[in-house]
Amino acid sequence: MFAFIAAAGLLFVQPAELDTIAATTLEASGAPGVAVMRIIGDEVETGTAGLRAIDNEAPIGRDDLWHMGSNSKAMTATLVARLVEQGVVGWDDTIAQHLGDTVPDMYPAYRDLNFRHLLSHRAGITPNVGMVAMIAFNQQGASGDPLPPQRIDYARRVLSPAPAVEPEAEFLYSNAGYVVAAAMLEQVTGESWEVLITREVFEPLGMTSAGFGPPGSADTIDQPRGHRGGLFGRQAMAPGPGADNPPVMGPGATVHVSMADLALFLQAHLAGARGEVTDYLSAESWTVLHTPPFGGNYAMGWGFNGTQLLHAGSNTMWFVQMVIEPATDRGYVVAFNDGRINALQGPVGDAIRAMAQ
């Protein structure tokens, strides 16, 4: 038996096969809960298994929200493409052009680097700020302090020291680079990254469930909760400052969204990668997003292995793998409310292979 849900021109299906794959994946992983999704053209199939939290009997729901972690990067890169098409910024706009006045002690090697470097992890910027700074940003996030000034502070901290590797020539995965890119957008527009990505990505694509930080309420288990290890075993983390990266890191790390709305995002990228005409972005912009600008295998928020665009995300309490295959017009997602990345990679691969058959 299965049900049909129509949304945004796509056909959403919940077949028994996907629930079976979800159940098998759950058993192999030992995770509290899992969702799996397969996109075939305009049809989207989902399956779920397990619990929202290990200390509760609430089952994973079809419309539950999943923390995307670093999959947020593909969304931020898409935001930049939208603003490039509107003439607000350009791909080759430099860090100094937009942050030179606010980061006066910027290390000279960063000044002429641009959005292409930042979004492809070719800017040489350290992956993250230090632990002491992370604690401070967590406290500011908990206090609800405005985020654009925090992102300028973050940019100062990572742009003042010398690059960790040679810019452009070497790849270094960097959450910090995406915060710097967002700070540039915020300086140009006078609006926060949260406002910009909602207006330019979530709303046009119909992603009504998209938001920021750990989903749900701290008082009731109305959404899946991330899980982390500790002295007394895994613990379900109630939404709050300890359940996610600090909000300043949002551009690379904090989006949450339902599987159905994630499908809308992936479907747009599938269409663009296949060369289909879309009214969301031009063919040129899709090509920029999906092509590694300096060689290697990382484009703009997407890894590229020759046939697939893919990315994974985790804030150490969740793990979500997304894959799209333009040649076959297919996509696959496996999502856990569990952050044991090493233990989950095998079950993720098995689930994707099962959905691909």
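The shown structure was predicted, so the numbers you read here are calculated from the model rather than taken from an experiment.

Student: Sorry if this is basic, but what is going on with the overall build of the protein chain here?
Tutor: The helix and strand tally for the protein chain stands at 12 helices and 13 strands. Taking 21 Å as the expected radius of gyration for a compact globule of 357 residues, we find that the protein chain reaches 20 Å, a close match to that expectation. Counting only C-alpha atoms and orienting by the principal axes, one finds that the protein chain spans roughly 60 × 50 × 30 Å. In the protein chain, which comprises 357 residues, the proportion classed as buried is 57%. In the protein chain, the share of contacts with a sequence separation of at least 24, taken over all contacts with a separation of at least 6, comes to 68%. Accessible area of the protein chain: about 13800 Å², with a carbon and sulfur share of 53%.

Student: For this particular structure, what's the right way to read the pattern of salt bridges?
Tutor: One side chain can pair with another of opposite charge once the charged atoms of both are near each other. The tally for this structure, following the rule as stated, stands at 16 salt bridges. Arg52 is paired through a salt bridge with Asp64; the nearest N and O atoms lie 2.7 Å apart. Of this pair, Arg52 sits in the loop between strand E4 (43–50) and strand E5 (65–67) while Asp64 sits in the loop between E4 and E5, and the two are 12 residues apart along the sequence. Neither Arg52 nor Asp64 differs from the other in exposure class; each is buried. In this structure, Arg199 engages Glu200 in a salt bridge whose closest nitrogen and oxygen atoms are separated by 3.1 Å. Take Arg199: its relative accessible area is 34%, and that puts it in the partly exposed class.

Student: What is the right way to read the pairing of strand E12 (residues 319–325) from this model?
Tutor: For E12, a buried count of 7 out of 7 residues is recorded, marking the element as mostly surrounded by other parts of the structure. Burial along E12 is two-sided: the face carrying Phe319, Gln321, Val323 and Glu325 and the face carrying Val320, Met322 and Ile324 are both buried. Note: strand E11 (residues 309–313) against E12, 5 bridges, orientation antiparallel. Residue Gly313 lies in a different strand from E12, and its bridge partner there is Val320. Where E11 folds back onto E12 in an antiparallel hairpin, the turn is made up of 5 residues, including Thr316, whose phi is positive at roughly 80°. Connecting E12 to the next strand, strand E13 (residues 330–336), in antiparallel fashion are 4 residues, including Asp329 with a positive phi near 55°.

Student: Sorry if this is basic, but what is going on with the side chain of Asp244 here?
Tutor: Within the secondary structure, Asp244 sits in the loop between strand E8 (235–237) and helix H9 (250–253). Within the buried set, Asp244 has no salt-bridge partner at all; the shortest N-O distance to an opposite charge, 8.9 Å, is to Arg228. Polar side-chain contacts of Asp244 include one of 2.9 Å to the side chain of His67. A polar side-chain atom of Asp244 sits 2.9 Å from a polar atom in the side chain of Asn315. Not counting residues within four places of it along the chain, the set of residues in contact with Asp244 comprises His67, Asn138, Gly213, Pro214, Ala253, Thr254, Asn315 and Met317.

Student: Help me understand the packing of helix H2 (residues 72–85) against helix H8 (residues 193–205) in this model?
Tutor: The angle between the axes and the distance between the axes are what describe a pair of packed helices. Axis separation between H2 and H8 bottoms out at 9 Å; the angle between their running directions is 85°. In this view, H2 runs roughly perpendicular relative to H8, as classed from their interaxial angle. Contacts between H2 and H8 pair Met75, Thr76, Thr78, Leu79, Arg82 and Leu83 from the former with Trp193, Leu196, Ile197, Glu200, Val201, Phe202 and Pro204 from the latter. Broken down by class, the residue content of the contact of H2 with H8 amounts to 9 nonpolar, 2 polar and 2 charged.

Student: For this particular structure, what's the right way to read the sheet that holds E5?
Tutor: Within a sheet, adjacent strands bond to each other through the backbone by hydrogen bonds, running parallel or antiparallel. With respect to topology, 3 strands assemble into an open sheet ordered E5-E9-E6, the strand pairing being antiparallel. Looking at which strands have only one partner, the edges of the open sheet turn out to be E5 and strand E6 (211–212). The sheet contact formed by E5 and strand E9 (residues 255–258) spans 3 bridges and is antiparallel. For His67, the partnering residue across the bridge sits in E9 and is His256.

Rules used throughout
Residues numbered from 1 in each chain as written. Predicted model: local features only at pLDDT ≥ 70, side-chain atom pairs only at ≥ 80, totals over all residues. Heavy atoms only, no water. Helix = DSSP H or I, 4+ residues; strand = E, 2+ residues; numbered from the N terminus. Rg over C-alpha atoms; globule rule 2.2 N^0.38 Å. Buried < 20%, exposed > 50% of the residue type's maximum accessible area, 1.4 Å probe, protein only. Contact = heavy atoms within 4.5 Å. Areas by Shrake-Rupley, 256 points an atom, 1.4 Å probe, with all protein chains shown as cover. Salt bridge = Lys/Arg side-chain N within 4 Å of Asp/Glu carboxyl O. Pairing = 2+ DSSP bridges. Lys, Arg positive; Asp, Glu negative; His and termini not counted. Polar contact = N/O pair within 3.5 Å; in protein donor to acceptor, adjacent residues only side chain to side chain. Axes fitted to C-alpha atoms, helices over the stretch in contact; angles between N-to-C directions. Parallel < 35°, antiparallel > 145°, perpendicular 65-115°, else oblique. Nonpolar A, V, L, I, M, F, W, Y, C, P; charged D, E, K, R; others polar.

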